[in-house]
Amino acid sequence: MTNCQRRTDVAALARRALSILCGVAQFLLPLAAKADDQEGPYTYTVAEGIAVITAFDPDYAGPLFITNSLGGFPVGVIGNRAFWYNPGLSSITIPGSIADIGEEAFMSCPGITNVVLGHGIASIGDFAFYNCDGMSHVTIPDSVTNIGHWGFADSTGLVTVAFGNGIASIRDNAFYGCDSLSGAVFPESVTSIGGWAFYACSRLASVTIPSGTTTVGTFAFAGCDGLTNISVAPGNTNYSSVDGVLFEQAQTLLLQYPGGKPGDYVVPGTVTRVADGAFYACPAVTGVTLPGTVTEIGNYAFSGCDGLTQMTIPDSVVTIGIFAFSYCDKLAALTIGNSVTEIGNWAFTECNNLADVTIPDSVNTIGGAAFYTCTNLGSVVLGTNVADIGWAAFCGCEHLSSVTFPGSLTNIGQSAFQACGGLTTVTIPENVVTIGTYAFSDCSSLTHIHVADDNQNFCSVDGVLFNESRTVLLQYPAGRSGVYEIPGGTVWIGDAAFCYCGNLSAVTFPNGIADIGDSAFYCCKGLTGITIPEGVTNIGWWAFTSCRSLTELAIPDSVIAIGDYAFLDCVALESVVIGDGLVNMGNNVFYGCVSLSSVTIAGEVTGIGGEAFSGCSALTHITVPESVGVIGYRAFASCAELDSIYFCGDAPIAGDQIFTNSAPTIYYRYGTTGWGATFAGRPTALWRASVRGGGFSTAPGSQDILLRFGGPPGDVAVVEYCADLAEGHWVPIFTNTLTS
């Protein structure tokens, strides 16, 4: 038999294997109920006369010539994950009978230094050789037509790849992060190069797009900071190259600027669009001049251009995409043309050298996080037609000291100016309809929020922001200090209303407050005392989180629910009294209150949330009301001093790890049910005689006092009295042995 005949037979076998691949994929699932066959270090199944390797001995070490026959059947497929995470493999040779290498087949085999791929392989699956760091060279045979997503990604030792003449598709991320890869020559057979296919291959110096390539994905060569030239083979009807820069054929769309090409660059006058990621992570470019023909700057177009110092966006540009100039750390001078209508989300995020920005009159929308954490930004001039300032648009611009809102403004998004420490005063114009939560939170110098007189939705009371009817307190300026008296008529403390007011020492509530919103007093570190009035029904999530000077707390009877994390990290809090109206105690309510030593829970609480008292290391004992039916995960974990818990009712449903790193004894009442020798891993004991039924009462028409006791027969109940509680001298007056 000639070599030619052998190759024909191998190819025929490969085609046969490929023809049943769909069947194999369906075959593997029902096979789960049946044990796979085994031969030597191989585990395999058989589908339509073809053996599929499904697993391999993970302890095998050394070189491996993969067998071409198992159980008398030709091996045609290496199944998904068959050899993955095998650290002992040093080299592999795959025979020509194998047509398909499955997903993750050799993933994370760091010891493989050499791979020989047989000439019958048609497809290399997703993640097939992902993170094989020891591999320095691979030759893709002519039979391979497809390299799957992430096929060789993050194989950081890979230096060269020789592509066979049959390869048609290099999928997304195929060689992502192969930062040692210095050579990749694409054959004419390549029609598609996927997005991010060679991202961060920092040693690539030059690439040539073949004449038959019809698709080059977004970011295909982004982050290649050694790449100085992208050329296109003659005859390609889809792409072109000018001075090493990749364009589509008509050169109206600039697709990819080489990441290692240094200096200033003038974009040709034919260009109307700068594609998504066109200059992404190009640290060597110092300046880019855009022509007056450009109308669109794509998403991530200039993101991460660390050397870019100035940018003039011409008047022709209408749209600036998301993340377009994000992380351009040296960008200090910015001019936005007067045709831009929308600045995309995250467009200038972390441009930390920007000192001032003028938004032209053409702009009506500033996207979410558009100037997020531009820490050096001191001044913003908003155009006369800005209607919408998106969420977190200027959040973290800590030096921003001045902003004037135009009359066109209708929406200020959530966290739009949060943590703008330089702002001292703001004025809300007449047409603003919505102001998002946290919009001006943590503005540590802000002392006044003014509202235009003719605004129909908001008002200002002594510099504090309210809704128009003055029933909802929306934002207290964080730059104020001392004591604040909430005006009468207020019924709701809005979400984050006092958030990050670190210099606030006390707040006085009027009668009529019904709701304390989420994060209402979050991180008010100077707040030493607070009296929650009767009438409040809800305390929101994170309402008093990290109020680290708060020492005592009384929850009135009117409160029905306490939200998750409400008093988390109140490290100075020593005592808590919870009224008898509470029904729902959320998760993590008192988590990390390390000084909390006294807790009184009354009322109809049905459950204690997960980690509700976790980390309350000073807590020594607690009484759980009869109404509690559920105690959540780790509710009393890491309460190092907790030695006793008294349960008034039947044994509740217990979550996992309730008492991790805690060692209390569990006491229960006589006559209650569900108790055993232990509860949630802790020992139990009978709670001896106790006053029952609400304490004491007086009989009608009599001065006698009726006391009701509960306990097992034989327990002795002693009644004492004290004439002066200050002296604390108690005298026994009655002793009784319980009989029933």
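Just so we're clear, the structure is a prediction, and the values are computed from it rather than from any experiment. (Residues numbered from 1 in each chain as written. Predicted model: local features only at pLDDT ≥ 70, side-chain atom pairs only at ≥ 80, totals over all residues. Heavy atoms only, no water.)

Caption draft 1: Spatial organisation of the overall build of the chain. Helix and strand counts for the chain stand at 2 helices and 65 strands. The C-alpha atoms of the chain give 36 Å as radius of gyration, which overshoots the globular expectation for 740 residues (27 Å, by more than 25%). Once the C-alpha set of the chain is aligned to its principal axes, its extents read approximately 120 × 75 × 35 Å. By residue count, 50% of the 740 residues in the chain fall in the buried class. Residue pairs in contact within the chain that sit at least 24 positions apart in sequence constitute 28% of those at least 6 positions apart. For the chain, the accessible area works out to roughly 29,700 Å², and carbon and sulfur atoms hold 51% of it. Both charge centroids of the chain, one from 21 positive and one from 61 negative side chains, sit 10 Å from each other. (Helix = DSSP H or I, 4+ residues; strand = E, 2+ residues; numbered from the N terminus. Rg over C-alpha atoms; globule rule 2.2 N^0.38 Å. Buried < 20%, exposed > 50% of the residue type's maximum accessible area, 1.4 Å probe, protein only. Contact = heavy atoms within 4.5 Å. Areas by Shrake-Rupley, 256 points an atom, 1.4 Å probe, with all protein chains shown as cover. Lys, Arg positive; Asp, Glu negative; His and termini not counted. Charge placed at Lys NZ, Arg CZ, Asp CG, Glu CD.)

Caption draft 2: Here's a closer look at the nonpolar core. Counting 72 residues, the largest nonpolar core has F302, F394 and F417 as the members making the most contacts within it. Mapped onto this core, the elements with two or more residues apiece are β21 (245–248), β25 (285–289), β27 (310–313), β29 (333–336), β37 (425–428) and β39 (448–451). In contact with F394, not counting residues within four places along its chain, are I366, F371, L377, V380, I389, L400, A416, F417, Q418 and C420. Judged by nonpolar contacts, the second largest core, of 69 residues, contains I516, I532, L596 and L619. (Core = buried A, V, L, I, M, F, W, Y, C linked by side-chain atoms within 4.5 Å.)

Caption draft 3: Representation of a nonpolar patch on the surface. Residues Y721, I733 and F734 make up a contiguous nonpolar surface patch of about 320 Å² in total accessible area. Position of F734 among the secondary structure elements: in strand β65 (residues 730–737). Classification of F734 by relative accessible area gives partly exposed; the value is 43%. (Patch = residues over 30% accessible without salt bridge, like charges linked within 9 Å, V, L, I, M, F, W, Y side chains within 5 Å. Salt bridge = Lys/Arg side-chain N within 4 Å of Asp/Glu carboxyl O.)

Caption draft 4: Just a negative patch on the surface, in detail. A surface patch of negative charge is lined by E534, D557, D580, E604, E626 and D650. Mapped onto the elements, D557 comes out in the loop between β49 (552–555) and β50 (561–562). For D557, a relative accessible area of 39% corresponds to the partly exposed category.

Caption draft 5: Representation of the side chain of T545. By the secondary structure assignment, T545 is in the loop between β48 (538–539) and β49. For T545, a relative accessible area of 2% corresponds to the buried category. Here the side chain of T545 touches Y565 through a polar contact of 2.5 Å, landing on its backbone oxygen. (Polar contact = N/O pair within 3.5 Å; in protein donor to acceptor, adjacent residues only side chain to side chain.)

Caption draft 6: Broad picture of the pairing of β27. Side chains M311 and I313 project from β27 onto a buried face, and the interleaved Q310 and T312 project onto a face without burial. Where β27 lies against β29, 4 bridges are found, and the strand directions are parallel. In the strand pairing of β29, M311 is matched with L334. (Pairing = 2+ DSSP bridges.)

Caption draft 7: Here's a closer look at the packing of aromatic side chains. Per the counting criterion, the structure on display carries 64 aromatic pairs. Note on F129 and F152: the rings are 5.1 Å apart at their centroids and 5 degrees apart in plane angle, and the pair reads as stacked. One end of the pair, F129, is in the loop between β10 (123–124) and β11 (137–139); the other, F152, is in the loop between β12 (146–147) and β13 (160–162), and 23 residues separate them in sequence. You'll find F129 and F152 in the same group, each marked buried. Their ring planes at 50 degrees and their centres at 5.1 Å tell us that Y646 and W687 sit as a pair that is tilted. (Phe/Tyr/Trp six-rings, centres within 6.5 Å; stacked < 30°, edge-to-face > 60°.)

Caption draft 8: Looking closely at the pattern of salt bridges. Overall, the coordinates contain 4 salt bridges when judged by the stated rule. Note that R81 is salt-bridged to E104, the shortest N-O span being 2.7 Å. Of the two residues, R81 sits in the loop between β6 (73–78) and β7 (89–93) while E104 sits in the loop between β8 (100–101) and β9 (114–116), which places them 23 residues apart along the sequence. Accessibility expressed as a relative area gives 15% for E104, which makes it buried. Across the pair D462 and R480 runs a salt bridge, and its minimum N-O distance is 3.9 Å. Placement of D462 in the loop between β40 (458–461) and β41 (464–467) and of R480 in the loop between β42 (472–475) and β43 (482–485) is noted, with a sequence separation of 18 residues between them. R480 gets classed as buried once you look at its relative accessible area, which sits at 13%.

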